[in-house]
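Read off the chains here:
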Amino acid sequence: MPDDAPTLDLLALLPPGWRSALAPQLDPARTAALAGFVAQEYTTQTIFPPVADLFSAYQLCPPTDTRVVILGQDPYHRAGQAHGLSFSVRAGMATPPSLRNVFKELGADLGVPRPAGGNLGGWAAQGVLLLNSVLTVREASPGSHANRGWEEFTDATIRALDAVEHRVVFLLWGGYARKKAALVTNPSHVVLEAGHPSPMNPRGFLGSRPFSAANKALADAGLPTIDWERAAG
């Protein structure tokens, strides 16, 4: 890499608890290559989310507090939407179709009224890690940062959570997310799979009742349940 190439220290941007959990799981050379790619993209392209929001999921939900993981694929690729939490959009943004179906299922499952907005920070604050498998994307170019190293980074995140002693419930929606079930080997944890909430998927998500099932799994382990009505809006 040239001396004047932009740099970004991904591990330094992580909160200390996640940094300690992930560092042993990551290959330093591959992580450095990912960081170089991401830094160059932020310098030369319009990338979402902004750097300040890159690790919002990790900042809001330390590994010791994580009780539920909801895994997405990559961030929203239109301006103003992505803020580092899977399926979530900033306050004031229109609710995307997949998230509308999440809210529809939430209402059918638990009778929760549809939130006024699509910011799911209230879930993250309770221990719901809203993780995308790929953490950055070019504007108007979905999937543009796939296969650049983020998958290894977020797989390491799942492995780190697999190693914790308390129960973690993994909600894996859609074929891409469901492939990650193989990373969860600790019998203390629970994996709940369903179809993707996208309206292009006509079946497999609606009717899956993931929210009540997650809370039952937590209660069975003696852990506090999630107040799913408490999204930020």
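Basis of the calculations
- Counting from 1, residues in each chain are numbered in the order their sequence is written.
- The predicted origin of the model limits local features to residues at a pLDDT of at least 70 and limits the giving and counting of side-chain atom pairs to 80 or more, whereas totals for whole chains, interfaces and linings rest on all residues.
- Computation of side-chain values covers all heavy atoms of the structure but excludes hydrogens and water.
- Think of each axis as a best-fit line through the C-alpha atoms, taken over the contacting stretch in the case of a helix, with angles from 0 to 180 degrees between the N-to-C directions.
- Note on conventions: DSSP H or I runs of at least 4 residues are helices, E runs of at least 2 residues are strands, and numbering of each starts at the N terminus.
- Small angles under 35 degrees read as roughly parallel and large ones over 145 as roughly antiparallel, with 65 to 115 read as roughly perpendicular and the rest as oblique.
- Every residue pair with non-hydrogen atoms within 4.5 Å of one another is taken to be in contact.
- Residues are sorted three ways: Asp, Glu, Lys and Arg are charged, Ala, Val, Leu, Ile, Met, Phe, Trp, Tyr, Cys and Pro are nonpolar, and all the rest, Gly among them, are polar.
- UniProt positions are given in the numbering used here, feature names are shortened, and annotations may be inferred rather than shown by experiment.
- Side-chain atoms alone can form a polar contact between residues adjacent in sequence; in general such a contact is a pair of N or O atoms within 3.5 Å, and within protein one must be able to donate a hydrogen while the other accepts it.
- Just to be clear on terms, a salt bridge is a Lys or Arg side-chain nitrogen sitting within 4 Å of an Asp or Glu carboxyl oxygen.
- A simple rule labels every residue: compare its accessible area, found with a 1.4 Å probe on the protein chains alone, to the largest value its type can have, and call it buried under 20%, exposed over 50%, or partly exposed in between.
- Any two strands are treated as partners once DSSP identifies two or more bridges connecting them.
- Here the nonpolar core consists of buried residues drawn from Ala, Val, Leu, Ile, Met, Phe, Trp, Tyr and Cys, with membership extended through side-chain atoms lying within 4.5 Å.
- How far a helix is expected to stretch is found by multiplying one less than its residue total by 1.5 Å.

**Comments concerning the packing of helix H5 (residues 97-110) against helix H9 (residues 210-220)**
Any two packed helices are characterised by the angle at which their axes cross and by the distance between the axes. Orientation of H5 relative to H9, taken along the N-to-C sense of each, is 60 degrees, at an axis distance of 7 Å. Between H5 and H9, the angle falls in the class oblique. Judged by residue contacts, Val102, Glu105, Leu106, Asp109 and Leu110 of H5 engage Pro210, Phe211 and Ser212 from H9. Residues that form the contact of H5 with H9 fall into these classes: five nonpolar, one polar and two charged.

**Some thoughts on the UniProt feature "active site" (unreviewed entry) in the chain**
As recorded in UniProt, the sites labelled "active site" (unreviewed entry) are Asp74. In contact with Asp74, not counting residues within four places along its chain, are Asn132, Val134, Val137, Pro142 and Gly143. A distance of 2.7 Å separates a polar atom in the side chain of Asp74 from the backbone nitrogen of Gly143.

**As for the pattern of salt bridges**
For the coordinates displayed, the defined rule picks out seven salt bridges. Measuring nitrogen to oxygen at the nearest pair gives 2.4 Å for the salt bridge that ties Asp53 to Arg90. Placement of Asp53 in the loop between strand S1 (47-48) and helix H4 (56-60) and of Arg90 in the loop between strand S2 (68-72) and H5 is noted, with a sequence separation of 37 residues between them. What makes Asp53 buried here is its relative accessible area of 16%. For Lys180, the salt bridge goes to Asp155, with nearest N and O atoms at 2.8 Å. Taken as a pair, Lys180 in the loop between helix H8 (175-178) and strand S6 (190-194) and Asp155 in helix H7 (residues 150-162) lie far apart in primary sequence, 25 residues in all. In this structure, Lys180 and Asp155 share a single accessibility class: buried.

**Some thoughts on unusual backbone geometry**
Following Phe48, the chain continues into Pro49 via a peptide bond in cis, with omega recorded as -5 degrees. With phi around 70 degrees, Phe87 is a residue other than glycine that occupies positive phi space. In this structure, Phe87 sits in the loop between S2 and H5. Positive phi, close to 60 degrees, is recorded for Asn147, a residue that is not glycine.

**Topic: the sheet that holds strand S3 (residues 128-132)**
On the basis of which strands lie adjacent, the open sheet formed by four strands has the order S3-S2-S5-S6 and parallel pairing. The open sheet has two edge strands with one neighbour each: S3 and S6. Direction aside, neighbouring strands of the sheet carry axes that sit 20 degrees apart on average. Pairing of strand S5 (residues 169-173) with S6, which is carried by five bridges, proceeds in the parallel orientation. Bridge assignment links Leu172 to a residue of S6, and that residue is Glu193. Sheet strands touched by H9: S2, S5 and S6. Its angle to S5, the strand with the most contacts, is close to 160 degrees.

**Section: the nonpolar core**
If you look at the biggest cluster of nonpolar residues, it comprises 68 residues, and the most contacted ones within it are Ile70, Trp123, Trp150, Phe153 and Trp228. What Trp150 contacts, discounting residues up to four positions off in sequence, is Leu10, Leu34, Val38, Leu54, Phe55, Ser133, Val134, Leu135, Thr136 and His145.

**A word on H5**
For H5, which comprises 14 residues, the first-to-last C-alpha distance of 20 Å matches the rise-based estimate of 20 Å (1.5 Å per residue) to within 8%. Turning to H5, the residues buried within the fold contact helix H6 (121-124), S5 and H9. Count one or two residues on from H5 and you reach Gly111, which has phi positive near 70 degrees.

**Let's talk about the pairing of S2**
Burial runs high along S2: five of the five residues are buried. Covered by surrounding structure in S2 are Val68, Ile70 and Gly72 together with Val69 and Leu71, the residues of both alternating faces. In this sheet, S3 lies alongside S2 in parallel orientation, the contact comprising five bridges. In the strand pairing of S3, Val68 is matched with Val128. In the sheet, S2 pairs with S5 via four bridges, with the strands oriented parallel. Along S5, the bridge assignment pairs Val68 with Val169.

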